[in-house]
Structures are given as structure tokens and as C-alpha cells.
Amino acid sequence: MKKSAIALLLLAAMLLTACSAPPEAIPAPETGTPAPAIEPTIEPTPEPTPSRAEEILAGMTLTEKLCQLMIVRPEALAGVSPVTSTGEEMLAGLEAYPVGGIIYSLNNLVSREQTTAMIDGAQSASEIPLFISADEEGGSVGRLMYKLGTTWVDAMYSYKDEGPETAYNNAYTIGSDMAALRFNTDFAPVADVWTNPENTVIGDRAYSDDFDEAAKLVPAAVEGFRDAGVICCVKHFPGHGDTSTDTHTGAAVVDKGLAELMAGELKPFIAGMEAGADMVMVGHITLSAIDPEHPASLSEAVVSGILRDTLGWDGVVITDGLEMGALMQYDMGERCLLALEAGVDILLGVDDIPGTLKALTEAVELGWLSEERIDESVLRVLTLKLARLGEF
């Protein structure tokens, strides 16, 4: 009986299998031309949008570029002395030589009203805003304090024990007074350290006689100037406080190597740059262990080597006054050419504008100085002006 039941179950299973639908056939692949592969669309790399500074640079002539790298005394533009207004001579000078800025001295300042009118006249005649500058440090080095009765501030060294807050407040006071009278640039603070008692050119202009203390006070001053709305400039790189000679009248030599400078003189400069200084002024000090042939302001080893490459400074570099006695072995054209070759951006105190333009233009034509090198500096100058003086 059991065997019959099993047989019946097997028979039923076979019948069900036989009655089920056959499986669907898998269609054969179509023959013919295969569909083309879809190629990815490659978008062209967009051209970078030029900055406003690059747009302005692209529309400038070589002469306009070179002029933009000069900050000059008004007498160099007007051909008369002293200049106390923006009269016909000044207007003609600014039209012929659209310089980057003007540095005013004691003999240019008569009253507050006269000063603001003179500056307004110069700015209105300039398509690109001018750096309107002065040496206003406090103490013995001042222009507005002595002639226009702005807030009196003593020499910075007299405040050295009062800390960064006082350094900030002094700079803010000086900067605010300058801004109120239309000045936008102060060649301060002094970052030199008064380590040589025989040094008279710096002396109490320094914030301290101690490197580390100066490295706390100088950046506080930088912040004060910036908050007051004026461009500031740490000077005189790589440090003038250990010299015994005044570069206004002759050569000054420092025999320290880079390691010793990094451990001393350069500390306040580095701190000031990190705090947001707008410019670094390079002095006419000769570093005999690094470049015995050239003052620092004309030395590629100092400007491009130490300041730009070693310290990483990519901001504006300006010379100390190019009319000073330490450079008397060169004519003005040579001074300016060497400075630009060294990596400097702004030439301060050019007293022969047409002669300098002729020398620099010939240097470009002869291949001694590339226009690309000039463009680098003009771009830095324009970028700083746009950032600190407003759009134009």
C-alpha cells in the first residue's frame, strides 16, 4: 500500500511538470552597427577674472607705471620752492608725471586750512589716488606737530616702559591727527632698536633698546596707525640702531650675519609685519657680511633674499630717501634702477623725475630691467591703494 502511494505521487509530479509552460527563450543579440559611446563633454577652463588692480595695470603706459612707483617732494613736480599750494606749476607737474605719492615737509605746511586745500588740490588732479605722506614719529621727528599744532607726542623711547597700550594710543593719536588733515600715509613706526649709545640718527626715535621689548611695542603701534586710518611703514630695515654713522650724510655699516640679525634687529620688523604693516622701508645701511657692495636699499641679497624670500614679505617695499648722502656714489637714475632690480617697489624722494624716467625707460629698452618686474611692483602699489584708499 505504501509503495502504491509513492508511485501515485511520482506520477502526479511528472504530469504537473509536463503541463507547465516552457521557459521563455533568451533573445539572441541583435546584429548590426553598435550604438556609439557617449563622449563626456569637456568644459573649457574659464579664464581667471582679473582683479581691479590688474585691470588698471593693463591700461597703463610704461611711463605711467614708472611714475606710480615714485613718491616725491612737491618741489620735484612744481620746479619751484617751497610749494604751499597746488597751483599751476604743481598741476602741470602732476599731469606730466602722474606719480604715486607726495611727501610733505615742514616748509610745505603753513596752516591747517592751507594744508588741506593743497592736498585736496593734488588729489583732485590725480586719476589714481596719491599716497599723501610725511614723517610723523613723535618727538624730534614731526611735521604736523611742529607746524599745524596737532597733538604733541614725545619721542617713542620715553614711553618704552609704559607697554603696548601706550604704543598703540600714541600711534592712534598721531594717525588720527594726520587723517583729519588729509594725510593717508605715515612713515612710522621706527622698528630700529637703540643698542648703540653712540647712535644719534636713531636714538630716542626707537621704541626701545631691547629687541624683545621693541618686538612688543612696534606691532602695537602698527595696529594703532591702521585703526586710525593711515597707511604705516616699519623702518629702517634691516635695523639702523647699532650703527654709528648717519646715512643722511654717509655710509653706515653693520657687520652682523643673518643668524645674528634674526636673533636681534629683525625681531621688531617681523612682529610689525605680522601685525599688518602696509610697507617696509629699507634703509641705506650696508650689511658687510651679506652684501658689502651695496646699501641694503639697493641690494638684491637683502631685499629679495632676506626680506622677501627668508621672511616671506610680499607687501610693498619702499626705499629710504634716495637723496641721502649714503648713496652719493650713484646718480639718481642708477639708484632707482638698482633699487628696482633689488626688489623694491616704491622709490622715495626722486628729485629728478624726467632724468630718472629716461634712465629707467632706457634700461627696459636695453633689457636690463624687464617690464614684468615693473608690473610686479605697480600691482603691489595699486593693490595697497585699493585696499586702504578706497575703490577708484
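Structure: above.
Residues numbered from 1 in each chain as written. Predicted model: local features only at pLDDT ≥ 70, side-chain atom pairs only at ≥ 80, totals over all residues. Heavy atoms only, no water.

**A look at the packing of aromatic side chains**
Right, so step 1: Enumeration according to the criterion identifies five aromatic pairs in this entry.
Right, so step 2: Consider the rings of Tyr146 and Trp152, whose centres lie 5.5 Å apart with planes at 85°: the pair is edge-to-face.
Right, so step 3: A residue is classified by how much of its surface remains accessible, and Trp152, at 45% relative accessible area, is partly exposed.
Right, so step 4: Plain terms: the ring middles of Tyr157 and Trp194 are 5.1 Å apart, the flat faces sit at 75° to each other, and that makes the pair edge-to-face. Taken as a pair, Tyr157 in the loop between α7 (144-147) and α8 (163-180) and Trp194 in the loop between β4 (185-186) and α9 (211-228) lie far apart in primary sequence, 37 residues in all.
Right, so step 5: The ring of Phe131 has Lys385 sitting right over it, with the charged end atom 4.7 Å from the ring centre. (Phe/Tyr/Trp six-rings, centres within 6.5 Å; stacked < 30°, edge-to-face > 60°. Buried < 20%, exposed > 50% of the residue type's maximum accessible area, 1.4 Å probe, protein only. Helix = DSSP H or I, 4+ residues; strand = E, 2+ residues; numbered from the N terminus. Lys NZ or Arg CZ within 6 Å of the ring centre and 35° of its normal.)

**Regarding empty space enclosed by the protein**
Right, so step 1: By the definition in use, this model includes one cavity of 30 Å³ or more.
Right, so step 2: Roughly 40 Å³ of volume is contained in the largest cavity.
Right, so step 3: Around the largest cavity, the lining residues are Met156, Tyr159, Lys160, Gly163, Thr166, Ala167, Asn170, Tyr207 and Leu217.
Right, so step 4: The element best represented in the lining of the largest cavity is α8, accounting for four residues.
Right, so step 5: Considering only residue class, the lining of the largest cavity consists of five nonpolar, three polar and one charged. (1 Å grid on protein atoms, 1.4 Å probe; cavity = no way out; pocket = protein on both sides within 12 Å on 5 of 7 lines; lining within 4 Å. Points joined across faces, edges and corners; volume = space filled by probe spheres on them. Nonpolar A, V, L, I, M, F, W, Y, C, P; charged D, E, K, R; others polar.)

**Topic: the pattern of salt bridges**
When their charged atoms lie close together, side chains carrying opposite charge are able to pair.
Right, so step 1: Using the criterion set out here, one finds 20 salt bridges in the structure.
Right, so step 2: Note that Arg380 and Asp314 form a salt bridge whose closest N and O atoms lie 3.2 Å from each other. In this pair, Arg380 sits in helix α15 (residues 371-389) while Asp314 sits in the loop between α12 (300-310) and β9 (316-319), placing the two residues 66 residues apart along the sequence.
Right, so step 3: Taking the relative accessible area as the measure of exposure, Arg380 reaches 16% and is therefore buried.
Right, so step 4: Arg380 is the salt-bridge partner of Asp345, the closest N and O atoms lying 2.9 Å from each other. Here the residue Asp345 occupies a position in the loop between α13 (332-342) and β10 (347-348), and Arg380 occupies one in helix α15, the gap between them amounting to 35 residues.
Right, so step 5: Residue class for Asp345 comes out buried when judged on its relative accessible area of 0%.
Right, so step 6: Via salt bridges that share partners, Asp135, Glu137, Arg143, Arg205 and Lys235 belong to a single interconnected network. (Salt bridge = Lys/Arg side-chain N within 4 Å of Asp/Glu carboxyl O.)

Take it as geometry only, folks, not as evidence of what the structure does.
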